[in-house]
Amino acid sequence: MAFFYILPVILLVVFIASFILATRGTIQSGYSNFSIPPGVDHPGKLQIVLAAMISTSAMSVSRTRGPTCSGARCQSNPARPGAQPHGGPPRLHLLLCQLCGEDHSGAAAKGEGRGERLRSGLSPANTKPGCPPRPRGGRGKAGAGSPAQGDPHGHPPAAVRGSRPRGGPAAAGCPRRGRPPLSRALAALFQEGRVLEGTGVCGQAAFARSGTTRGPRPRLALRDAPFGRLPVRGRRPRAPSAGLRAGAIFFHGGGWPYRSTGSREKICRSIAGEGASVVVSVGYRLAPEHKYPAAYEDCLNATVHFVKNTEHYGVDPAKVIVCGDSAGGNLAAAVSQTLAGRSDLPRLRAQILIYPGLQALDFNLPSYQQNRGVPLLFRERAAFYVLQYLNGDASNLEEVLEGSHIPVDIKLNYRKWVSPDNIPEKFKVRGYKPHVLLDCTTEVFETAKRFCEPNLCPLLAEDALLQQLPESFILTCEYDVLRDDGLLYKKRLEDNGVRVTWYHLEDGFHGIISLFDYCGFSFPAGKRGLDSIVEFIKGL
């Protein structure tokens, strides 16, 4: 009998030892240089977020036969090309999926409150009273990250998005009328609660109550409605409006390889609800399967479609805004520049750029040096992501980091725009050393020469184009490697007569707004940043 008591203890010890070794190896390989500055907003909470990322990455190493992420873009360590998708225990796996943006929650996160049907469109004419739409034909898993078979652009067909799960009830003749099985929503809720309880953020029961308590009728009408083959999710306030509303088209961040239309759900809902506007998020094609300019083209086409059909969505054509965070900010800036010169479309009212990445010529600017190891975006990963977007691989990562991917003469030509000299001195006092210019080989430049294209690096656009841009809002964070990209673009816009509203989070870090209102992971600085965006939209 003693054997049956000893065996579990032995297995537990072996598991803990393997986990510690795996965690140590993960930290040494991918997180060895991370640091959390004391001035950041709630450093202890940020440590919890980082610990969840590290532990989940470690479990994917220690349990290679464990369950793996179904999304091809969920990777344990993007800094290492070819890394395996993160696996490990489902609880930790689910948390990292939430942090990296892979949409695995299915329909559990697709309503304002659990069980809300996505039957209300952006226009009342989209549905008949009391009759939710039938799921489109075909089979598929909601939120699957892989491209649909047979689609040359890699977009999931209309049959996949919003369709019932395999084995689920059909819409016609079923009491649930096409809604996802309750068991799937409860399973996702249960797993999220166990994750947060295990990390000490909040109790499982408290989290479950917060998600299942029946409240008042949702303030927003939500709908997944593709623009052609492009997945799109729209949000519209239910309250009647005296006139046409402002319309914001949102491009999610995620470094181009990650995220989906629902990964910024709470941000988009906050903008739609508090800003009394229509918000449409775009599920553009992702790298590395779809290289540049696929994401840019998708965002441009979606914006053109929206601008041409504003009356269908109850939007004032003179109040259309493009908005995005991180990589989405890059796409928003590129789309805004492209549409600035078009006379056949209404002029955009504004662009909102949330800690955008706007150049790939210099990864040794002060913010890249000062915040190279600050979560949630490390310097090496920033370079890795843009290489994934450009070439589909990161074979020249070291050359990009050291600055030997662009010839010196080209760097000097753009130095009037991309230079530490254009950054205020107060942003250089924290650990900055001037970087020596390095030349590059012809072979390396051939793989990186498109970094000089404004559609990929909007900071490099000519003055004549910038002068035509609409009013701009730029949000930057002190502890963010992309801080100086935003500062340099702000200066260029102001120098060219563009009105700029700049909001700087002194205690913010990259991705802080994406954690808004996610149980215990919400940060006060992120809420301040989001409130500033809403106020900007109200003032237009």
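Residues numbered from 1 in each chain as written. Predicted model: local features only at pLDDT ≥ 70, side-chain atom pairs only at ≥ 80, totals over all residues. Heavy atoms only, no water.

Re the pairing of strand β4 (residues 278-282)
The element β4 is largely enclosed, with a buried count of five among its five residues. The side-chain alternation of β4 yields two buried faces, one formed by Val 278, Val 280 and Val 282 and the other by Val 279 and Ser 281. In terms of strand pairing, strand β2 (residues 232-237) meets β4 through four bridges, oriented antiparallel. Paired with Val 232 across the two strands is Val 282, which belongs to β4. The sheet contact formed by strand β3 (residues 245-251) and β4 spans five bridges and is parallel. Bridge assignment links Phe 250 to a residue of β4, and that residue is Ser 281. In this fold, β3 hands off to helix α6 (residues 265-274), which returns the chain to β4; that crossover is right-handed. (Buried < 20%, exposed > 50% of the residue type's maximum accessible area, 1.4 Å probe, protein only. Helix = DSSP H or I, 4+ residues; strand = E, 2+ residues; numbered from the N terminus. Pairing = 2+ DSSP bridges. Right-handed = clockwise from strand over helix to strand, strands pointing away.)

Considerations on the pattern of salt bridges
Inspection of every chain in the model, using the stated rule, returns 25 salt bridges. Between Glu 478 and Arg 430 there is a salt bridge whose closest N-O contact spans 3.1 Å. Here Arg 430 lies in the loop between α12 (408-414) and α13 (442-448) and Glu 478 lies in strand β7 (residues 471-479), a separation of 48 residues in the sequence. Relative accessible area serves as the criterion here: at 9%, Glu 478 is assigned to the buried category. For Arg 430, a relative accessible area of 28% translates into the label partly exposed. (Salt bridge = Lys/Arg side-chain N within 4 Å of Asp/Glu carboxyl O.)

Observations regarding the sheet that holds strand β6 (residues 350-354)
Strand order in the open sheet formed by eight strands is β1-β2-β4-β3-β5-β6-β7-β8, with mixed pairing between adjacent strands. Looking at the sheet topology across the chains shown, the edges are occupied by β1 (220-224) and β8 (500-509). Ignoring which end each strand starts from, the neighbouring axes of this sheet average 15° apart. Of the pairings in the sheet, the one linking β7 to β8 comprises seven bridges and is parallel in character. The partner of Thr 476 across the bridge, within β8, is His 504. In this fold helix α16 (residues 524-538) packs onto β5 (315-325), β6, β7 and β8, with an angle of close to 170° to the strand it touches most, β8. (Axes fitted to C-alpha atoms, helices over the stretch in contact; angles between N-to-C directions. Contact = heavy atoms within 4.5 Å.)

Structural notes on the pairing of β5
In this sheet, β5 lies alongside β3 in parallel orientation, the contact comprising six bridges. From the neighbouring strand, Ala 248 faces β5, where its bridge partner is Ile 321. Pairing between β5 and β6: five bridges, direction parallel. Residue pairing in the sheet places Val 322 in a bridge with Gln 351 of β6. A crossover links β5 with its parallel partner β6, the connecting element being helix α8 (residues 327-340), and its sense is right-handed.

Details of unusual backbone geometry
Of the consecutive residues Ala 287 and Pro 288, the connecting peptide bond is found in the cis state with omega at 0°. With respect to the element layout, Pro 288 can be found in the loop between β4 and α7 (294-308). Pro 375 connects to Leu 376 through a cis peptide bond whose omega is 10°. You can see Leu 376 is positioned in the loop between α9 (366-370) and α10 (379-391). Even without glycine at this site, Ser 326 takes up a positive phi of about 60°. Within the secondary structure, Ser 326 sits in the loop between β5 and α8. The residue Tyr 355 is not glycine, and still its phi comes out positive at about 30°. As for its position among the elements, Tyr 355 is in the loop between β6 and α9. Judged by its relative accessible area of 1%, Tyr 355 falls in the buried class.

As for α6
One turn of an α-helix holds 3.6 residues; hence residues three or four places apart share an orientation. With seven of its 10 residues buried, α6 lies for the most part within the structure. The elements touched by buried residues of α6 are β1, β2, β3, β4 and α16. Once α6 ends, the next one or two residues include Ala 276, with phi positive near 50°.

Topic: helix α15 (residues 483-495)
In this model, α15 (13 residues) spans 19 Å end to end at C-alpha, consistent with the 18 Å of a helix rising 1.5 Å per residue. Burial analysis of α15 places 10 of its 13 residues in the buried class, which makes it a mostly covered element. Taken together, the buried positions of α15 are occupied by Arg 483, Asp 484, Asp 485, Gly 486, Leu 487, Leu 488, Tyr 489, Lys 490, Arg 492 and Leu 493. Where α15 is buried, its residues contact α8, β6, α9, α14 (463-466), β7 and β8. (Expected span 1.5 Å × (residues − 1).)

Considerations on the packing of α7 against α8
Between α7 and α8, whose axes approach to 9 Å, the crossing angle comes to 55°. The angle between α7 and α8 falls in the class oblique. The hand of the α7/α8 crossing is right-handed. Where α7 approaches α8, its residues Ala 295, Tyr 296, Cys 299, Leu 300, Thr 303 and Val 304 are matched on the opposing element by Leu 331, Ala 334, Val 335, Thr 338 and Leu 339. (Parallel < 35°, antiparallel > 145°, perpendicular 65-115°, else oblique. Left-handed = near helix turned anticlockwise from the far one by under 90°.)

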